[in-house]
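Okay, here's what each chain looks like letter by letter:
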Amino acid sequence: MAHLLFRLRHVTDEEAMEVRQLLDEHGFDVYETQAGFFRLGVDAIWLRNPAQRDDAEALLAQYQVERQASARKAHQEAVARNEAPTWERRLREQPIQIALVMVAVILIALLTLLPFIGLAR
């Protein structure tokens, strides 16, 4: 029976390609499924051979540790160069968009709380 090895939902194309190449290089028998038009399925990479399960999971765990370390290093370098995304930087770059989002949040909060405010009177 096939084993769900790696979910592809919310995964960048770059990471998905790296996982596919990694599994292919190590000779794992895998196939992919798509969620479909109504998103009722699962975007994932499945392992056909259950005997390869432990090796494949160990390989993916090692890959994820390495990817996490490289992402942290890239973020730390961006912070050191003062290029990391921050709240202040986004506010300076897109003030209208931030203002509209804040107005929307306040309106939604008011609409949500309006019935309770009316009960308090």
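Residues numbered from 1 in each chain as written. Predicted model: local features only at pLDDT ≥ 70, side-chain atom pairs only at ≥ 80, totals over all residues. Heavy atoms only, no water.

(A) Seen up close, the overall build of the protein chain. The helix and strand inventory of the protein chain stands at 4 helices and 3 strands. The order of α-helices and β-strands along the protein chain, N terminus first, is β-α-β-β-α-α-α. Along the three orthogonal principal directions, the C-alpha set of the protein chain runs to about 65 × 45 × 25 Å. Within the protein chain, the fraction of its 121 residues that count as buried is 21%. Here the analysis covers contacts within the protein chain between residues at least 6 apart in sequence; of these, 56% occur between residues at least 24 apart. If you sum the accessible surface of the protein chain, you get close to 9700 Å²; carbon and sulfur atoms cover 60% of it. Averaging the locations of the 14 positively and 17 negatively charged side chains of the protein chain gives two centres separated by 10 Å. (Helix = DSSP H or I, 4+ residues; strand = E, 2+ residues; numbered from the N terminus. Buried < 20%, exposed > 50% of the residue type's maximum accessible area, 1.4 Å probe, protein only. Contact = heavy atoms within 4.5 Å. Areas by Shrake-Rupley, 256 points an atom, 1.4 Å probe, with all protein chains shown as cover. Lys, Arg positive; Asp, Glu negative; His and termini not counted. Charge placed at Lys NZ, Arg CZ, Asp CG, Glu CD.)

(B) Looking closely at unusual backbone geometry. The phi angle at His 10 is positive, at roughly 65°, despite the residue not being glycine. In this structure, His 10 sits in the loop between strand 1 (3-7) and helix 1 (13-25). For His 10, a relative accessible area of 77% corresponds to the exposed category. Positive phi outside glycine occurs at Asn 82, with the angle close to 60°. On the secondary structure map, Asn 82 appears in the loop between helix 2 (53-80) and helix 3 (87-93). Overall, Asn 82 belongs to the exposed group, its relative accessible area being 56%.

(C) Region of the structure containing the pattern of salt bridges. Tallied over the entire structure, the rule returns 7 salt bridges. Across the pair Glu 57 and Arg 53 runs a salt bridge whose closest N-O atoms are separated by 3.3 Å. In this pair, Glu 57 and Arg 53 are both assigned in helix 2, 4 residues apart and thus about one turn of the helix distant. Residue Glu 57 is classed as partly exposed on the basis of its relative accessible area of 32%. When its relative accessible area of 38% is taken as the criterion, Arg 53 is described as partly exposed. (Salt bridge = Lys/Arg side-chain N within 4 Å of Asp/Glu carboxyl O.)

(D) Representation of the confidence of the model for the protein chain in the model. Averaged over the protein chain, the pLDDT score is 93; the fraction of residues at 70 or greater is 99%. Averaged pLDDT values over the elements of the protein chain bottom out at 90 in helix 3 and peak at 97 in strand 3 (residues 44-47). (pLDDT = per-residue confidence, 0-100.)

(E) Structural view of helix 4 (residues 95-120). Relative to the 38 Å expected for 26 residues at 1.5 Å per residue, helix 4 spans 36 Å between its end C-alpha atoms, a close match to the ideal helical length. Along helix 4, the helix axis deviates most sharply at Leu 114, where the bend reaches about 45°; the proline Pro 115 sits within four residues downstream. (Expected span 1.5 Å × (residues − 1). Bend = angle between axes of the 7 residues up to and from the residue.)

(F) Examining the nonpolar core more closely. One finds Leu 5, Phe 6, Val 19, Leu 23, Phe 28 and Ile 45 to be the most contacted residues of the largest nonpolar core, which totals 15 residues. For this core, the elements supplying multiple residues, two or more each, are strand 1, helix 1, strand 3 and helix 2. Setting aside its immediate chain neighbours within four residues, Ile 45 contacts His 3, Leu 4, Leu 5, Phe 6, Leu 8, Val 19, Arg 20, Leu 23, Val 30, Tyr 31 and Glu 32. (Core = buried A, V, L, I, M, F, W, Y, C linked by side-chain atoms within 4.5 Å.)

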